[in-house]
Amino acid sequence: MKASLFITCLCDIMSSDVGKDTVEVLEKVGCEVDFPELQTCCGQPAYNSGYLKESKESMKQMMRAFKDSEYVVGPSGSCVAMLHEYPHIFKGDPEWEEAANDLAGKSYELTQFLVDVMGITDVGSKFQGRVTYHPSCHMTRLLGVRDAPMTLLENVKGLEFVALPVKEDCCGFGGTFSVKNPVISEQMVEEKTEHVTETGAEYLVGGDMGCLMNIGGRLTRNGKPVKVLHIANILNYQ
Amino acid sequence: MSIRIGTNSFEHRVQEGIKNDFMRGAVSSAQGRFRSGRLKAAEELGNWEDWRTLGEEIRNHTMENLDFYLQQLSDQVSKRGGSVFFAETAEEANDYIQNVIKKKNGKKVVKSKSMVTEEIGLNKALEEAGSEVVETDLGEWILQLDEDPPSHIVTPALHKNKEQIRETFAAKKGYDKTDKPEELALFAREQLRKDFLSADIGITGCNFAVAESGAVTLVTNEGNARLVTSLPDTQITVMGMERLVPTWEDLEVLVSLLTRSAVGQKLTSYVTSLTGTRLEGEVDGPEEFHLVIVDNGRSKILGTEFQSALHCIRCAACINACPVYRHVGGHSYGSIYPGPIGAVLTPLLDGYDDHKELPYASTLCAACTEACPVKIPLHEHLIRHRQIIVEKENKAPKAEKLAMKGFAKWGSSPAAYKMSTKMARTALKPWTKDEKIENGPGPMKAWTDARDFPAPSKQSFRSWYKSRRKGDES
């Protein structure tokens, strides 16, 4: 199966390890992975801030970049959920409607792709440690991916799982929200890190880099020893 | 009072809310109770998603045919001896109600809970015209005594604790007992009973009017609405023009969705449907019944992309699910409609000038959309508002507009974008220490004031990928 990596701008700029681990996990389960170099950002920062026109420029570039891909797989529920919005955004646009439908139809979040498309529940990774999981809002509520990450984590050998209290609550990232309403965002991320600390976990795992940067940044600021990992890191751990 | 409450800036209100530890504790624990109650009540029903879909269909059908059902409702009410008045504005509604009271030579008005009368500022208008107005919902009564606006659309005094209530009762009504809830409630009951018995006008809100019969349905837990509608000779019901259902069957669906979503109850203690005046041979009902149907900006929403905001059944499930509301409290929204539905409705009803921050008071986490029993896509409406603020109202900050122009160029240029993936680490180096940034420059400061920003990875993904492919080829 051929899969094109949609790395997401955040991982492309900030966290290359998530991109590497995604490539290696996909290869491990038998995918032929390519990386379309013309990809940029899904457009979400502008779209969610109300800049429709500006966001479309980026979205068009994404459609151009992935036009020949068979599957598009990204390590982010939020960014993939954005791709799934393209058909609504470009509806009635004679030039882009078809491309928007095409990209949305072939795009998957990493765990969703592994479980729902590839039918894999165990990627064969091993990880020693006490782990809790934050199910990011867009991954669960917008993309509807709830079970896939849990299924994969359950089958990681050595991993001790501990549930995060009120896990469905937003961490307060919200993209530009974190800098537009920093005071509220701070209260939200503080509450989230309190819940994380309560679990006694050594690692907090999630499927969206934005949320992880937010929670992780608060944890280190408060001197908490909990380490933050992307689920791709865990799935590629031996 | 009208939709807008207070004159402080949004930032100021939020700061005040966040500093109010008691309020936050009360809101947080109430949210927890409401949320678990709602989920349990939904689960009991078994096929909650089907119920939501049905609720959405009923609301959608009603809005699509609102003119027909309003006419039908009006005809039915008239047929049963009631008078119907369509008020285009708050002033028209208030004037009409004042006139009814004047004609009846009414002195004292008892009211059951109604958000639309808060919206149109009815109490103030009536008091200015010389009436004595008494709120009889316990929460509303407490707020009336304290001259405090509601902070929640179902439990309006959510932000107050029993000690504060005891103090209010003592200061305003000479209460001299403890802050035990039973004693407080008994005192309120005794006080209000006198008002019920001496009132000549009863004013209610309306959860749902039933178009096919002209009945007005009130959903309460305290029973006060029963007294408001049975003791005074004149009953006035005020409803937003969208608050109706076509049939009794539809009512059953929506009341089930409402009570389960609002308070996690299968049904509230009282669900009362009242139809018209006391006709010949009937033993109860008011001598006079007036139904005031309020537009106040609603018809402008019909036919727009925001139409589904009118589907709201005022259950507050979105408010109870909202993490932003939990931290800032209802008064921070500066509107009698707080939370996600408030952030959607308030700018629609009262314009963007005083409320342009509200659509941004959300992380777009969609907990609201998920909780809504009639599937209003609340977070999508918030994005629509943002688009209007940026594109039509031109109220976005200049720096943001410039940044987004830059975003469009960056996102559409693979070369510029690729350059940023290469340069990020170097560009941030002056601020980086131990692989993190604690005091970021410019807009990053808002981030690093509360949390660290990680340094970008040492090797970019693209260079790793390139070297790996070279390795493959060799």
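Residues numbered from 1 in each chain as written. Chains lettered and ligands numbered in written order. Predicted model: local features only at pLDDT ≥ 70, side-chain atom pairs only at ≥ 80, totals over all residues.

With an unreviewed UniProt entry as reference, chain B is termed Lactate utilization protein B, source organism Thalassobacillus cyri. Under Function (unreviewed entry), UniProt gives the following word-for-word description of chain B: "Is involved in L-lactate degradation and allows cells to grow with lactate as the sole carbon source. Has probably a role as an electron transporter during oxidation of L-lactate." Under Sequence similarities (unreviewed entry), UniProt gives the following word-for-word description of chain B: "Belongs to the LutB/YkgF family." (UniProt positions renumbered as here; feature names shortened; annotations may be inferred.)

As recorded in an unreviewed UniProt entry, chain A goes by the name Lactate utilization protein A, listed as coming from Thalassobacillus cyri. Its UniProt record gives chain A the following Function (unreviewed entry) comment, quoted word for word: "Is involved in L-lactate degradation and allows cells to grow with lactate as the sole carbon source." Under Sequence similarities (unreviewed entry), UniProt gives the following word-for-word description of chain A: "Belongs to the LutA/YkgE family."

Segmenting chain B into domains produces domain 1 (10–294) and domain 2 (398–473). Using only C-alpha atoms to locate each centre, domain 1 of chain B and domain 2 of chain B end up separated by 53 Å. (Domains from an automatic or database assignment.)

In this complex, chain B contributes 49 residues to the contact, which on the side of chain A involves 55 residues. Residue contributions to the side of chain B that touches chain A peak at six residues, all from helix α18 (residues 398–412) of chain B. Across the side of chain B that touches chain A, the residue classes tally to 31 nonpolar, eleven polar and seven charged. (Contact = placed C-beta atoms within 7 Å. Helix = DSSP H or I, 4+ residues; strand = E, 2+ residues; numbered from the N terminus. Nonpolar A, V, L, I, M, F, W, Y, C, P; charged D, E, K, R; others polar.)

All names here are of chain A. The positions that UniProt labels "domain: Cysteine-rich" (unreviewed entry) are, in the present scheme, residues 5–83 and 131–215. A distance of 14 Å separates the end C-alpha atoms of residues 5–83, which is 56% helix and 10% strand. Counted over residues 131–215, helix gives 49% and strand 15%. Its end C-alpha atoms are 15 Å apart.

Attention now moves to helix α3 (residues 48–64) of chain B. All names here are of chain B. Between the first and last C-alpha of α3 there are 24 Å, a value that for 17 residues agrees with the 24 Å anticipated at 1.5 Å per step. Listing the buried residues of α3 in full gives Trp-51, Gly-55, Ile-58, Arg-59 and Thr-62. An end-on view of α3 places all buried positions within 95° of arc, on one side of the element. Turned more than 90 degrees away from the buried face of α3 sit Glu-49 and Asp-50, all of them exposed. Packing partners of the buried residues in α3 comprise α2 (21–45), α4 (66–79), β8 (244–245) and α12 (248–263). (Expected span 1.5 Å × (residues − 1). Buried ≥ 20, exposed ≤ 12 C-beta atoms within 10 Å, placed from the backbone. Arc of directions from axis to C-beta.)

This next bit is on the packing of helix α5 (residues 77–89) of chain A against helix α6 (residues 97–105) of chain A. Residue and element names in this part refer to chain A. Running from N to C, α5 and α6 cross one another at 155°; their axes reach a closest spacing of 8 Å. Of the possible angle classes, the one that applies to α5 and α6 is roughly antiparallel. As α5 runs across α6, the sense of the crossing is left-handed. Contact residues: Leu-83, His-84, Tyr-86, Pro-87 and Ile-89 in α5; Ala-100, Asn-101, Leu-103 and Ala-104 in α6. Its residues placed into classes, the contact of α5 with α6 shows seven nonpolar, two polar and no charged. (Axes fitted to C-alpha atoms, helices over the stretch in contact; angles between N-to-C directions. Parallel < 35°, antiparallel > 145°, perpendicular 65-115°, else oblique. Left-handed = near helix turned anticlockwise from the far one by under 90°.)

For the rest of this paragraph, the subject is the UniProt feature "domain: Lactate utilization protein B C-terminal" (unreviewed entry) in chain B. Per the UniProt record, "domain: Lactate utilization protein B C-terminal" (unreviewed entry) is found at residues 384–469 of chain B. Secondary structure across residues 384–469 of chain B comprises 60% helix and 7% strand; the distance between its end C-alpha atoms is 44 Å.

Further remarks concern the nonpolar core. Residues and elements named next belong to chain B. If you look at the biggest cluster of nonpolar residues, it comprises 183 residues, and the most contacted ones within it are Ala-209, Val-294 and Cys-318. Broken down by element, the residue count for this core peaks at seven residues, all from α12. Residues in contact with Val-294, not counting those within four places in the same chain, are Ala-87, Ala-93, Val-116, Ile-120, Val-238, Met-239, Gly-240 and Met-241. Grouped together as the second largest cluster of nonpolar side chains are 13 residues, Val-27, Ile-142, Ile-165 and Phe-169 included. (Core = buried A, V, L, I, M, F, W, Y, C linked by C-beta atoms within 7 Å.)

Residue and element names in this part refer to chain B. Across the sheet, which stays open at both edges, the six strands sit in the order β1-β10-β7-β4-β2-β3 with parallel pairing between neighbours. Edge positions in the sheet fall to β1 (83–87) and β3 (132–135), since each of these pairs with one other strand and no more. Shown here is a sheet whose adjacent strand axes are inclined to one another by a mean of 20°, direction ignored. Where strand β2 (residues 108–111) and β3 come together, four bridges link them in parallel fashion. Of the residues in β3, the one forming a bridge with Lys-108 is Glu-132. (Pairing = 2+ DSSP bridges.)

Another point: the sheet that holds strand β7 (residues 203–206) of chain A. All names here are of chain A. Strand order in this open sheet of four strands is β6-β5-β7-β8, and the pairing throughout is parallel. Each edge of the open sheet carries a strand with a single partner, namely β6 (157–161) and β8 (227–230). Put simply, the sheet's adjacent strands are angled 40° from each other on average, direction ignored. Relative to β7, strand β5 (residues 126–134) runs parallel, the two sharing four bridges. The residue of β7 that forms the bridge with Val-131 is Tyr-203. Each of β5, β7 and β8 touches helix α12 (residues 209–221); the most contacted strand, β8, lies at about 170° to it.

Below, the discussion takes up the domain arrangement of chain A. Residue and element names in this part refer to chain A. What the domain assignment lists for chain A is domain 1 (2–116) and domain 2 (121–235). Computed from C-alpha atoms alone, the centre-to-centre distance between domain 1 and domain 2 is 22 Å. Opposite the 30 residues of domain 1 that make contact, domain 2 presents 24 residues. Only α1 (9–13), α2 (16–28), α3 (44–48), α5 and α7 (110–117) provide two or more residues apiece to the side of domain 1 that touches domain 2. Looking at the side of domain 1 that touches domain 2 residue by residue, the classes come out as 13 nonpolar, twelve polar and five charged.

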